[in-house]
Amino acid sequence: MEFILQAWPWYIGGPIIAMVMLLLIFLGKSFGFSSNFRTICSAMGAGKSCDFFDFNWKDQRWNLWFLVGAIIGGFVAAHFLSDQQIPAISEQTITQLNDLGFDSAGKAYSPTEIFETISVKNFIILLVGGLLIGFGTRYAGGCTSGHAISGLSDLQISSLIAVIGFFVGGLIMTHLIFPLIF
């Protein structure tokens, strides 16, 4: 049990991801979570009114099970295997977050000021953030996991461009937009 509870080093997690990606390439499948939105919409009948959702969603059932497993696995890991661990972040980051009003930085797994405090501002931030993420994944033709793991494994130039865009967008958000919001 101790092996499961401890953080795994990159040389264990990396090869596991590589083996999964090689298996998916061998099976002719591509990995990505955002494609599940399209699959769910198709399964619920959206293909009758929109051509984008008109495809054989049953071919993607494996990816839906992967999504369900990730959700269940995340819940089990957070509530039963985490031992209430708090991610280690630098003192400088904690100070900067405290200056922005995040007193839970370094004391909680996620910022309680956003996820545990219900306010109009938090609701708007989460709603707008979710819409932007949804739009971005469709505009980029996939999400970070799809492009960075699957697309780069397939040596797709479009995925390399998307991953560079994700990093640039993350830097802009972290250093320019985030301080303006908070």
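Structure's up top.
Here the structure is a predicted model, which means the values were calculated and not measured.

Reading the values: the criteria
- Residues numbered from 1 in each chain as written.
- Predicted model: local features only at pLDDT ≥ 70, side-chain atom pairs only at ≥ 80, totals over all residues.
- Heavy atoms only, no water.
- Helix = DSSP H or I, 4+ residues; strand = E, 2+ residues; numbered from the N terminus.
- Buried < 20%, exposed > 50% of the residue type's maximum accessible area, 1.4 Å probe, protein only.
- Contact = heavy atoms within 4.5 Å.
- Phe/Tyr/Trp six-rings, centres within 6.5 Å; stacked < 30°, edge-to-face > 60°.
- Lys NZ or Arg CZ within 6 Å of the ring centre and 35° of its normal.

Comments concerning unusual backbone geometry
Unlike most non-glycine residues, leucine 155 shows phi in positive territory, near 60 degrees. Tracing the chain through its elements places leucine 155 in the loop between α8 (144–153) and α9 (157–181). The class of leucine 155 is exposed, set by a relative accessible area of 74%.

Brief notes about the side chain of serine 104
For serine 104, the position within the fold is in the loop between α5 (91–99) and α6 (112–115). Exposure remark for serine 104: the relative accessible area of 9% places this residue in the buried category. If we ignore the near neighbours within four places in the chain, the residues touching serine 104 are Ser110, Pro111, Thr112 and Glu113.

As for α8
Those residues of α8 that sit buried are Ser145, Gly146, His147, Ser150 and Gly151. Looking at the buried side of α8, the elements it contacts are α2 (10–27) and α9.

Some remarks on the packing of aromatic side chains
How two aromatic rings sit relative to each other is set out by the distance from centre to centre and by the angle between their planes. Per the stated rule, a full pass over the model turns up six aromatic pairs. Centre to centre, the rings of phenylalanine 33 and phenylalanine 66 are 5.6 Å apart; their planes meet at 45 degrees, and the pair counts as tilted. Separated by 33 residues along the polypeptide, phenylalanine 33 in the loop between α2 and α3 (35–43) and phenylalanine 66 in helix α4 (residues 61–81) bring together distant segments of the chain. For phenylalanine 33, a relative accessible area of 26% gives the class partly exposed. With relative accessibility at 37%, the residue phenylalanine 66 sits in the partly exposed group. Their ring planes at 75 degrees and their centres at 5.2 Å tell us that phenylalanine 52 and phenylalanine 53 sit as a pair that is edge-to-face. An aromatic cluster of three or more residues is present, and its members are Phe37, Phe52 and Phe53. Sitting over the face of the ring of phenylalanine 52, arginine 38 holds its NZ or CZ atom 4.5 Å from the ring centroid. Taking the ring centre of phenylalanine 55 as reference, the NZ or CZ of arginine 38 above it sits at 4.1 Å.

In short, the description is geometric, and any link to function would need to be established separately.
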